[in-house]
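# Structure at a glance
These are the residues of each chain, in order.
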Amino acid sequence: MFRKILIANRGEIALRIIWACKELGIKTVAVHSDVDIDSLHVRFADENICIGPAPSRDSYLKITNLIAAAEISNADAIHPGYGFLSESAEFAQVCEACNIAFIGPSPQTIALMGNKAEAKRTMKAARVPVLPGSDGPVPTAAEAKALAAGMGYPVILKASAGGGGKGMRVVRSEGELDTAFQMAGAEATSAFGNGDLYLEKYLEEPRHIEVQILGDKHGNIIHLFERECSIQRRHQKLIEEAPSPALSAMQRSELGHTAVKGAAAVNYFTAGTMEFLYDKGKFYFMEMNTRIQVEHPVTENITNIDLVKAQIMAAAGEKMTYRQKDLKIAGHSMECRINAEDPIRFTPSPGKITTFSIPGGPGVRVDTAAYAGYFVSPHYDSLIAKLIVRGHTRADCIMRMKRSLESFVVEGIKTNIPMHLRIMDDEDFKAGNLSTKFMERYQA
Ligand code: ADP
């Protein structure tokens, strides 16, 4: 097992990793930008090192500074969390070259799954269903047009190097294709330094359903069932739950089996997520996230497996003790992402939190690094807390989420708590009629 882990992240996920390390008896090193000096991850880690100024590119994204911090503190592993460098093949490669264990997949797997056009091709070859579309990147708008004509509109252009919903354009007719191709390409180039686009059939009202994968370095791969993440705004998830209210036991087992098959095709040996779109009874692979996800707690709640501990143990080469046939779903779980933003206009609301009083009681978990007096910096993402509940049924979760949201008091900044409260009262939401279009309709 590792002696000391450096956490190359901040906020709630850095704390979440510290809690796991403490329970495993592993020392921790926090890194922070200069504005994050008063953060809880800095306070609760055994050691801390400043890695640069506020802008992420000069601190949390700066590989040389992170490696120097790991060497100075004599850490034997790095946990990248989510976001920042968690899906950087280069970072994983440099860690490997410096003899520091990277808690994630191999640099080769990260690179392969990070190129979404290649990932799709790989999954198709492994007989995982994918949406009809281009086989790899489409070089020109003319070729995209020819393909789309054969497939029928609407189609969607997506960045091969994509993430966070950037570089995506829905195209509804041939007349729109040239402009969309140019704009998506330019957006992809500026966001990822790679303008490659691929094309696929666009589904009007799919559900986003993903499968949690866990592997080890001894060839074992299991799935921990699915999460439904259809409540999104601009392709960013807002509410996640497990299990999905849409699946029968048979579909669930089929989907899990398919996800494991896909992960096995890339010799996956850690925690990861296979994302699918679900439409009219069919699943289509969309992408694989090769890291721990924001919404992992809902899976922890229904399986009683600590995913971060499992991920660390797998990275240390330990053999997994879970067997697929022993896993069962216990109840239901739901997560609301509490963001520092205007609940109606969705604009960021950075600033100092003056009151921060979190809900508790049976079945409630709050993952957060915020506190009264904490300053929400405009430099980083707006997630300030994850409110996670569990219950016997989905209806129990909704009631529990409502009472928890009502007693979650945040003052000094605006949050989207009022939006979540309204969603909990929405008839479609309560009935489980979800799709990625939910928020558009809801906002209208
Ligand atoms: P990113 O990595 O940028 O988050 P994804 O490929 O995961 O991009 O897609 C994000 C979201 O975009 C999905 O959850 C879904 O809402 C929407 N989306 C992506 N591809 C399609 C498609 N072919 N049809 C309909 N919606 C799609």
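The structure this text deals with has already been given above.
Residues numbered from 1 in each chain as written. Predicted model: local features only at pLDDT ≥ 70, side-chain atom pairs only at ≥ 80, totals over all residues. Heavy atoms only, no water.

### Some details on the site of the ligand
- In the neighbourhood of the ligand, 21 residues make up the surrounding shell, with K116, K158, G165, K201 and E287 lying closest.
- A distance of 3.4 Å separates an oxygen atom of the ligand from a polar backbone atom of G163.
- For the ligand, the protein covers 95% of the area, taking 550 Å² as the surface of the free molecule.
- Each residue belonging to the shell around the ligand can be placed in one class, and the counts come to eight nonpolar, seven polar and six charged. (Near = heavy atom within 4 Å. Polar contact = N/O pair within 3.5 Å; in protein donor to acceptor, adjacent residues only side chain to side chain. Areas by Shrake-Rupley, 256 points an atom, 1.4 Å probe, with all protein chains shown as cover. Nonpolar A, V, L, I, M, F, W, Y, C, P; charged D, E, K, R; others polar.)

### A look at the sheet that holds strand β3 (residues 47-52)
- A sheet is described by the order of its strands in space; here five strands give the open sequence β3-β2-β1-β4-β5, paired in parallel fashion. Where the open sheet ends on each side, the last strands, each with one partner, are β3 and β5 (101-102).
- Bridge count between strand β4 (residues 77-79) and β5: two bridges; the pairing is parallel. Note that in β5 the partner of A77 across the bridge is A101. (Pairing = 2+ DSSP bridges. Helix = DSSP H or I, 4+ residues; strand = E, 2+ residues; numbered from the N terminus.)

### Observations regarding helix α12 (residues 394-406)
- For α12, with 13 residues, the first-to-last C-alpha span of 18 Å sits near the 18 Å given by 1.5 Å per residue.
- When we look at burial in α12, the residues that qualify are R394, C397, I398, M401, K402, S404 and L405.
- Structurally, α12 contributes buried residues whose contacts are with β11 (236-242), β14 (332-339), β17 (364-368), β19 (383-391), α13 (417-424) and α14 (427-431). (Expected span 1.5 Å × (residues − 1). Buried < 20%, exposed > 50% of the residue type's maximum accessible area, 1.4 Å probe, protein only. Contact = heavy atoms within 4.5 Å.)

### Let's talk about unusual backbone geometry
- The residue after Y153, namely P154, is reached through a cis peptide bond having omega -5 degrees.
- Structurally, P154 can be placed in the loop between α7 (141-151) and β6 (155-159).
- Cis geometry marks the peptide bond from A242 to P243, where omega comes out at -5 degrees.
- Along the chain, the position of P243 falls in the loop between β11 and α9 (249-265).
- For F84, which is not a glycine, the phi torsion comes out positive at approximately 35 degrees.
- Structurally, F84 is set in the loop between β4 and α4 (89-97).
- Here F84 falls in the partly exposed class, since its relative accessible area comes to 28%.
- The residue F225 is not glycine, and still its phi comes out positive at about 70 degrees.
- Within the fold, F225 resides in strand β10 (residues 221-233).
- With relative accessibility at 10%, the residue F225 sits in the buried group.

In short, geometric facts, not functional conclusions.
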